[in-house]
Amino acid sequence: MADVAPVVLNDEILEWPKNDKRRFLHVVYRVGDLDRSIKFYTEAFGMTLLRKKDVPKDKYSSAVLGFGQEESTFVVELIHNYGVENYDIGTGFGHFGISTTDIYQLVETIRAKGGKITQEAGAAEGTTAVVAFVQDLDGYEFELFQRDATPEPLCQVMFHVVDLDRSIEFYEKALGMNHIVTIDRPEEKDTIAMLGYGDDPNQIAILELIYNYDVTEYTKGNAYSHIAISTDDVYKSAEVVKLVTLELGGKIIRQPGPFPGTNTKFTAFEDPEGWKTVLIDNQDFLKGLEE
């Protein structure tokens, strides 16, 4: 059998993600009762309902909530499929993160509104950082952080990977993320890596990847969907992703172009471990909010 030629990457096109105008737009996941979740997210977490829609043709409804406006802050988009009351979160998805200036009060509010407290607020082991872990009414876990006011209170999405080095390289090359830090925690038998569009994890929304020692497989379930990220050129961005997938794995699952029924251009892909990202045209996204 002939040797397979190595993938030759185009250095010029690979520079594009670093020069592109990118930020985390929203994270999308499914809930069993949309109105119940809206009530919990507004009353327990303190988010604002930004928009809501019902799409009978496709048998789903959705709601966007956040701590600020979509034009400038990272938000959540909750999806409810008609007739589905429960979803499988799987073993691969980890948690979301929320930054707050009063973690103790937030924990009490979440408790009073029916949320589950899985770890009371207190100093994280070996640090002075004050954190807590809670669950919403669908079982999604949130890590709460005691911090000064920040432009991105919805500050983290974390999921598990089995090849941390490859995943870091993928998100750096395919999405232009900055590898902020890697922390090995032998006492926890894991290693975490933080990536995002900036250098200060206390001021930006970050993607946190976690590798658990000796774990070689996770389940994805059907609850968590994807992160959406902005780009000034969907087509050029998709070309970068295509090149990187040839080197590291992953695949384009939606070729770049307008979303059916709208003029919003986007592309979608999976990383080497199957986690999904959607890249959305900046101007189309902002124009869609105005409409």
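Reading the values: rules and limits
Residues numbered from 1 in each chain as written. Predicted model: local features only at pLDDT ≥ 70, side-chain atom pairs only at ≥ 80, totals over all residues. Heavy atoms only, no water. UniProt positions renumbered as here; feature names shortened; annotations may be inferred. 1 Å grid on protein atoms, 1.4 Å probe; cavity = no way out; pocket = protein on both sides within 12 Å on 5 of 7 lines; lining within 4 Å. Points joined across faces, edges and corners; volume = space filled by probe spheres on them. Helix = DSSP H or I, 4+ residues; strand = E, 2+ residues; numbered from the N terminus. Nonpolar A, V, L, I, M, F, W, Y, C, P; charged D, E, K, R; others polar. pLDDT = per-residue confidence, 0-100. Contact = heavy atoms within 4.5 Å. Patch = residues over 30% accessible without salt bridge, like charges linked within 9 Å, V, L, I, M, F, W, Y side chains within 5 Å. Areas by Shrake-Rupley, 256 points an atom, 1.4 Å probe, with all protein chains shown as cover. Salt bridge = Lys/Arg side-chain N within 4 Å of Asp/Glu carboxyl O. Lys, Arg positive; Asp, Glu negative; His and termini not counted. Charge placed at Lys NZ, Arg CZ, Asp CG, Glu CD. Buried < 20%, exposed > 50% of the residue type's maximum accessible area, 1.4 Å probe, protein only. Core = buried A, V, L, I, M, F, W, Y, C linked by side-chain atoms within 4.5 Å. Pairing = 2+ DSSP bridges. Axes fitted to C-alpha atoms, helices over the stretch in contact; angles between N-to-C directions.

- For the chain, the name recorded in an unreviewed UniProt entry is Lactoylglutathione lyase, with Rhododendron griersonianum as its organism.
- Recorded under Catalytic activity (unreviewed entry), the UniProt text for the chain is reproduced unchanged: "(R)-S-lactoylglutathione = methylglyoxal + glutathione".
- UniProt annotates the chain under Sequence similarities (unreviewed entry) with the comment "Belongs to the glyoxalase I family."

**Here's the deal with the layout of surface pockets**
Next up, step 1: Here the largest pocket defines a volume of roughly 1,300 Å³.
Next up, step 2: Considering the residues around the largest pocket, the lining is formed by 38 residues, among which Lys53, Tyr60, Glu77, His226 and Phe259 are closest to the centre.
Next up, step 3: For the lining of the largest pocket, the element with the most residues is helix H7 (residues 282–290), which contributes five residues.
Next up, step 4: Here the lining of the largest pocket is built from residues that sort into 16 nonpolar, ten polar and twelve charged.
Next up, step 5: In this structure, the second largest pocket occupies an estimated 850 Å³ of space.
Next up, step 6: Taken together, 32 residues line the second largest pocket, and the ones lying closest to its centre are Ala124, Val131, Glu143, Phe145 and Arg185.

**Some points on the UniProt feature "binding site: Zn(2+)" (unreviewed entry) in the chain**
Next up, step 1: Following the UniProt record, the feature "binding site: Zn(2+)" (unreviewed entry) maps to Glu77, His95 and Glu143 here. The subset of the named residues that lines the largest pocket consists of Glu77.
Next up, step 2: Residue placement: Glu77 occurs in strand E4 (residues 75–81).
Next up, step 3: With respect to the secondary-structure elements, His95 resides in strand E5 (residues 93–100).

**Some words on empty space enclosed by the protein**
Next up, step 1: Enumeration according to the criterion identifies one cavity of 30 Å³ or more in this entry.
Next up, step 2: Looking at the largest cavity, its volume works out to about 50 Å³.
Next up, step 3: In this structure, the largest cavity is lined by Phe159, Tyr171, Met177, Leu207, Ile227, Ile229, Trp275, Lys276 and Thr277.
Next up, step 4: Counting residues per element, the ones that place at least two in the lining of the largest cavity are strand E13 (224–231) and strand E16 (276–281).
Next up, step 5: Residue composition of the lining of the largest cavity, by class: seven nonpolar, one polar and one charged.

**Describing the confidence of the model for the chain**
Next up, step 1: A residue-level look at the chain finds 97% of positions with pLDDT of 70 or above and a mean pLDDT of 94.
Next up, step 2: Taken as a whole, residues 1–8 scores under 50 in pLDDT and shows three contacts with residues more than four places along the chain or in a different chain.

**Brief notes about a negative patch on the surface**
Next up, step 1: On the surface, a cluster of negative charge is contributed by Glu125, Asp184, Glu187 and Glu188.
Next up, step 2: Position of Glu188 relative to the elements: it lies in the loop between strand E10 (178–185) and strand E11 (190–196).
Next up, step 3: The partly exposed category is assigned to Glu188, whose relative accessible area is 39%.

**Considerations on the environment of Gly122**
Next up, step 1: Its location among the elements puts Gly122 in strand E6 (residues 116–123).
Next up, step 2: For the pair formed by Gly122 and Gln146, sequence separation is 24 residues and the distance between their alpha carbons is 9.4 Å.
Next up, step 3: In this structure Gly122 touches Tyr104, Ala129, Val130 and Val131, once residues within four positions along its chain are discounted.

**Looking at the nonpolar core**
Next up, step 1: By size, the foremost hydrophobic cluster in this structure holds 64 residues, and its most contacted members are Tyr29, Tyr41, Phe142, Leu144, Phe159, Tyr171 and Tyr224.
Next up, step 2: With six residues, the top contributor of residues to this core is helix H5 (residues 164–175).
Next up, step 3: If you look at the next biggest cluster of nonpolar residues, it comprises seven residues, including Leu25, Phe266, Val278 and Phe285.

**Regarding the side chain of Glu152**
Next up, step 1: By secondary structure assignment, the location of Glu152 is in the loop between strand E8 (141–146) and strand E9 (154–160).
Next up, step 2: No salt bridge is formed by the buried Glu152, whose closest oppositely charged neighbour, Arg23, lies at an N-O distance of 5.1 Å.
Next up, step 3: In this structure, Glu152 is in contact with Ser72, Thr73, Phe74, Gln203, Ile204 and Ala205, ignoring residues within four places of it in sequence.

**Some details on the sheet that holds strand E1 (residues 24–30)**
Next up, step 1: Here we have eight strands laid out as an open sheet, ordered E2-E3-E4-E1-E13-E16-E15-E14, and mixed in their pairing. Taken across any chain shown, the strands that pair with only one partner, and hence form the sheet edges, are strand E2 (48–55) and strand E14 (251–258). Pairwise comparison of adjacent strand axes, ignoring direction, gives a mean angle of 20° for this sheet.
Next up, step 2: Note that E13 and E16 share six bridges and pair parallel.

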